[in-house]
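Summary of structural features
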Amino acid sequence: MNSDTEDASETDLAKHDEEDYVEMKEQMYQDKLASLKRQLQQLQEGTLQEYQKRMKKLDQQYKERIRNAELFLQLETEQVERNYIKEKKAAVKEFEDKKVELKENLIAELEEKKKMIENEKLTMELTGDSMEVKPIMTRKLRRRPNDPVPIPDKRRKPAPAQLNYLLTDEQIMEDLRTLNKLKSPKRPASPSSPEHLPSTPAESPAQRFEARIEDGKLYYDKRWYHKSQAIYLESKENTKISCVISSVGANEIWVRKTSDSTKMRIYLGQLQRGLFVIRRRSAA
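Criteria and thresholds
- Sequence order as written defines residue numbering, which begins from 1 separately in each chain.
- With the structure being a predicted model, the display of local features is reserved for residues of pLDDT at least 70 and the display and counting of side-chain atom pairs for 80 or more, all residues being used for whole-chain, interface and lining totals.
- Values shown for side chains rest on all heavy atoms present in the structure; no hydrogens or waters enter the calculation.
- UniProt positions are given in the numbering used here, feature names are shortened, and annotations may be inferred rather than shown by experiment.
- Each patch groups residues whose relative accessible area exceeds 30% and which form no salt bridge, using 9 Å between like charges and 5 Å between nonpolar side chains of Val, Leu, Ile, Met, Phe, Trp and Tyr.
- All accessible-area figures derive from a Shrake-Rupley calculation using a 1.4 Å probe, and residue coverage is judged against the displayed protein chains alone.
- Between Lys or Arg on one side and Asp or Glu on the other, a salt bridge is scored when a side-chain nitrogen of the former is within 4 Å of a carboxyl oxygen of the latter.
- Put simply, DSSP marks the helices as runs of H or I at least four residues long and the strands as runs of E at least two long, and each gets a number from the N terminus on.
- Partly exposed describes any residue whose relative accessible area lies between the buried limit of under 20% and the exposed limit of over 50%, with all areas from a 1.4 Å probe on protein chains only and scaled to the type maximum.
- Contacts described as polar in this section are N or O atom pairs within 3.5 Å, which, within protein, must combine one atom able to donate a hydrogen with one able to accept it, while residues neighboring in sequence count only if both atoms come from side chains.
- Residues belong to one nonpolar core when they are buried, are Ala, Val, Leu, Ile, Met, Phe, Trp, Tyr or Cys, and are joined through side-chain atoms within 4.5 Å.
- Only strands that DSSP links by at least two bridges are regarded as paired with each other.
- Working convention: axes come from line fits to C-alpha atoms, limited for helices to the stretch in contact. Angles between N-to-C directions cover 0 to 180 degrees.

As recorded in an unreviewed UniProt entry, the protein goes by the name SDS3 homolog, SIN3A corepressor complex component, listed as coming from Vombatus ursinus. Under the Subcellular location (unreviewed entry) heading, UniProt states for the protein: "Nucleus".

Taken together, L40, L43, Y51, M55 and L58 make up a surface patch of nonpolar side chains, about 450 Å² in accessible area. Elements with a contribution of two residues or more to the nonpolar patch: α1 (2-45) and α2 (49-126). It is α2 that contributes the most residues to the nonpolar patch, 3 residues altogether. In this fold, L43 is placed in helix α1.

In this section: the environment of Q79. For Q79, the position within the fold is in helix α2. Residue class for Q79 comes out partly exposed when judged on its relative accessible area of 35%. At 2.7 Å, the side chain of Q79 forms a polar contact with the side chain of R82.

One finds L218, Y220, I253, V255, L271 and I278 to be the most contacted residues of the largest nonpolar core, which totals 19 residues. When contributions to this core are tallied by element, the ones reaching two or more residues are β1 (211-214), β2 (217-220), β4 (230-235), β5 (240-248), β6 (252-257), α8 (268-272) and β8 (276-280).

What follows covers the sheet that holds β2. Pairing within the open sheet is antiparallel, and its 3 strands lie in the order β1-β2-β3. Two strands lie at the open edges of the sheet, namely β1 and β3 (223-225), each paired on one side alone. Going from strand to strand, the sheet's axes swing by 25 degrees on average, the running direction of each strand aside. Summarising the sheet, β1 and β2 pair through 4 bridges and their orientation is antiparallel. Within β2, the position partnered with R212 by the bridge is Y219.

Given below as structure tokens:
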């Protein structure tokens, strides 16, 4: 009997311990569930500590990115403003340069047209229209105002006068000196002079160059030259000048020196007689 009683008591004790364990586990589950519900409630209310920490960290990151973006925007804006000012200054400078260049070109064209008109006027006076001027001169000198017919007949060949008009006084004196040199060896008949005869006449043909103007271009020494072309201009004094052809007229060309931008007028007669020699050069 004692053994049976002891066995029964041990069985009851085991059952009791098992019930306590189940009850404890159930209590832990309930506590855990209540804690999770409480955290969920705090999360919905925004009072959960972990949620607040993460929100604070995100807010700091947001503010830092906003600050960096504002600094970048400020730098980009300043760079754009500087580029705008530079481009504006460059545009203004280019405009002023173009305006000066256009003004110079217009002045050169007007001077060329003025010269052409003066040449045409002179040609008309020397050819057909000389009847209007010449009677006035004869009226004062010979007092024959009613006899203008023989005067145009005698002076109907003034073509060389136009060429003389295109030459300067210095060029005319140079021609006279050349003619005197050509005539001077023929005067003495001494045997010492013939050795100078072939040298002096040979110099004149050697200085002749083919030069003419067609369609606004210059044909010189078997080459064509046009406006804005870079050249070297050589004179009889062996001076070599770097120039640019600024315009081509009817009987002359205008060149602009690259050193000081001054302009010179060169006549066809000067090129034909070798007073000036044109050589091509690279535009660079």
